Number of protein chains: 2
Amino acid sequence: MRISELSARTGVTVPSIKYYLREGLLAPGELTSANQATYGEAHAQRLGLIRALLDVGGLPIATAKEVLAAIDTPDLPLTWVFGVAQHAISDASLYAPVEGETAGTRAVSDTIERMGWHVSPENPGVAGAARVIDTYERVGHPELAQIWEGYAQGAELIARADLATVGFSDDVTAMAETVVVGTVLGDALVSSLRRMAQEHISNQLYPAPKEPS
Amino acid sequence: MRISELSARTGVTVPSIKYYLREGLLAPGELTSANQATYGEAHAQRLGLIRALLDVGGLPIATAKEVLAAIDTPDLPLTWVFGVAQHAISDASLYAPVEGETAGTRAVSDTIERMGWHVSPENPGVAGAARVIDTYERVGHPELAQIWEGYAQGAELIARADLATVGFSDDVTAMAETVVVGTVLGDALVSSLRRMAQEHISNQLYPAPKEPS
């Protein structure tokens, strides 16, 4: 199909498609003349993925490019694809390495041991969790660090669900794409569910009056 | 203490403190002369909270102001404080209401019913979850919607832990502050833990070679 048809088919404007082509997020079409190219089903699918990463995942263009490159690398071990996706969507200030030993880094080590997890020190979650726990202490809410264990159990259930979906396909590229989409959009899904469950449980424990007092 | 001492004590620069005073995030000090004010322990604590919301939580100033106002409103029912904190930190494009009935809104209703949750339709998580599920379908990964149930169970464990901390105090302002800090920083903690658990479980299921092939 021509670029105008690709645009009509996917709802992505022609200037946006040209921009993704220029930036290398979308592979070039097949040239049919000096200044005309034709596009296939794979282009339409890729455009859907690009828009999901940008619009729902909230990724900047450069980051989307990085995770799409991980999908496109043949035979990249799956744990590495997770790593690329995780690093790419991990806000640098939250996940930057924590210097030295702190209450947070100790709490993280303890929990990893108690949960029996095998986690490399480069996992961005290690620094992120330590930083949040240190912040709880700094703002005078060390009690929040005590819920850590419930959080870790919840996170393990969620990660098991994450990995279950990966096995739905035995094509490596499809698995890699599942990892990226699941990592980027999954955070949004987990936060959404947490908000619902919080309302349910807080209404049980602290019923609200109908009108503000 | 004077503003310079407050700055030395908290590590927040004097221009930043003056900015927070102007923006109404920090209550004015007590005037000791026409152009000098004195600040107390409460100011130092509030500054810590402001920096946590801005730096670790990544909130814009206007949003931080909104959630701090919720903390400062006496007798606001706790479920409402949750609501304010959730709405304030919920990215508008993800959590904007979904128009009409979609596969996503149906999946959300089903899950709420199966989990036995009492959730109001205005909960931002309802639209957020529906939007993520619809996006899974649109990008050709409907299999991701099947992990929903594991996610919901994980989210319930996490929300139970969230609510447990609220009960650690019986002072309403302290409870409200716990809700805000926990909601804003808790998302970061959950994402961090999910990243660690993903690595652990993906290594179990799909062991990676030592070097890329």
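Residues numbered from 1 in each chain as written. Chains lettered and ligands numbered in written order. Predicted model: local features only at pLDDT ≥ 70, side-chain atom pairs only at ≥ 80, totals over all residues. Heavy atoms only, no water.

Notes on the pairing of strand β1 (residues 30-33) of chain B
Residue and element names in this part refer to chain B.
Part 1: Pairing analysis gives three bridges linking β1 to strand β2 (residues 36-38), with the strands arranged antiparallel. When the sheet's bridge partners are listed, Ser33 is paired in β2 with Gln36.
Part 2: Between β1 and the antiparallel strand that follows it, β2, lie two residues. (Pairing = 2+ DSSP bridges. Helix = DSSP H or I, 4+ residues; strand = E, 2+ residues; numbered from the N terminus.)

Regarding the confidence of the model for chain A
Part 1: Overall, the predicted model of chain A reaches an average pLDDT of 83, with 91% of residues at or above 70.
Part 2: Taken together, the chains of this predicted complex give a pTM of 0.75 and an interface ipTM of 0.75. (pLDDT = per-residue confidence, 0-100.)

Examining the environment of Ala161 of chain B
Part 1: As for its position among the elements, Ala161 of chain B is in helix α9 (residues 148-166).
Part 2: Judged by relative accessible area, which is 8%, Ala161 of chain B ranks as buried.
Part 3: In this structure, the C-alpha to C-alpha distance between Ala161 of chain B and Ile17 of chain B, residues 144 residues apart in sequence, is 34 Å.
Part 4: With residues up to four places along the chain from it excluded, the contact list for Ala161 of chain B reads Ile147, Gly150 and Tyr151 of chain A. (Buried < 20%, exposed > 50% of the residue type's maximum accessible area, 1.4 Å probe, protein only. Contact = heavy atoms within 4.5 Å.)

Brief notes about the packing of aromatic side chains
Residue and element names in this part refer to chain A.
Part 1: In this structure the tally under the stated criterion is two aromatic pairs over all chains.
Part 2: Measuring from centroid to centroid gives 6.1 Å for Tyr19 and Tyr20, while their planes differ by 50°, and the two rings are tilted.
Part 3: According to the relative accessible area criterion, Tyr19 is partly exposed, its value standing at 33%. (Phe/Tyr/Trp six-rings, centres within 6.5 Å; stacked < 30°, edge-to-face > 60°.)

Overview of the interface of chain A and chain B
Part 1: If you look at the interface, chain A gives 92 residues, while chain B gives 92 residues.
Part 2: The largest share of the area that chain A buries against chain B comes from Arg194, Arg195 and Met196 of chain A, three residues that together contribute 9% of it.
Part 3: Our count for the chain A to chain B interface comes out at six salt bridges.
Part 4: Ionic pairing is found between Arg194 of chain A and Asp187 of chain B, a salt bridge with its closest N-O pair at 2.7 Å.
Part 5: Run the count over chain A and chain B and you get 22 residue pairs in polar contact (both at pLDDT 80 or more).
Part 6: Top contributing element to the side of chain A that touches chain B by residue count: helix α10 (residues 172-205) of chain A, with 28 residues.
Part 7: Looking at side-chain class alone, the side of chain A that touches chain B contains 49 nonpolar, 31 polar and 12 charged residues. (Buried area = accessible area lost by both parts, 1.4 Å probe. Salt bridge = Lys/Arg side-chain N within 4 Å of Asp/Glu carboxyl O. Polar contact = N/O pair within 3.5 Å; in protein donor to acceptor, adjacent residues only side chain to side chain. Nonpolar A, V, L, I, M, F, W, Y, C, P; charged D, E, K, R; others polar.)

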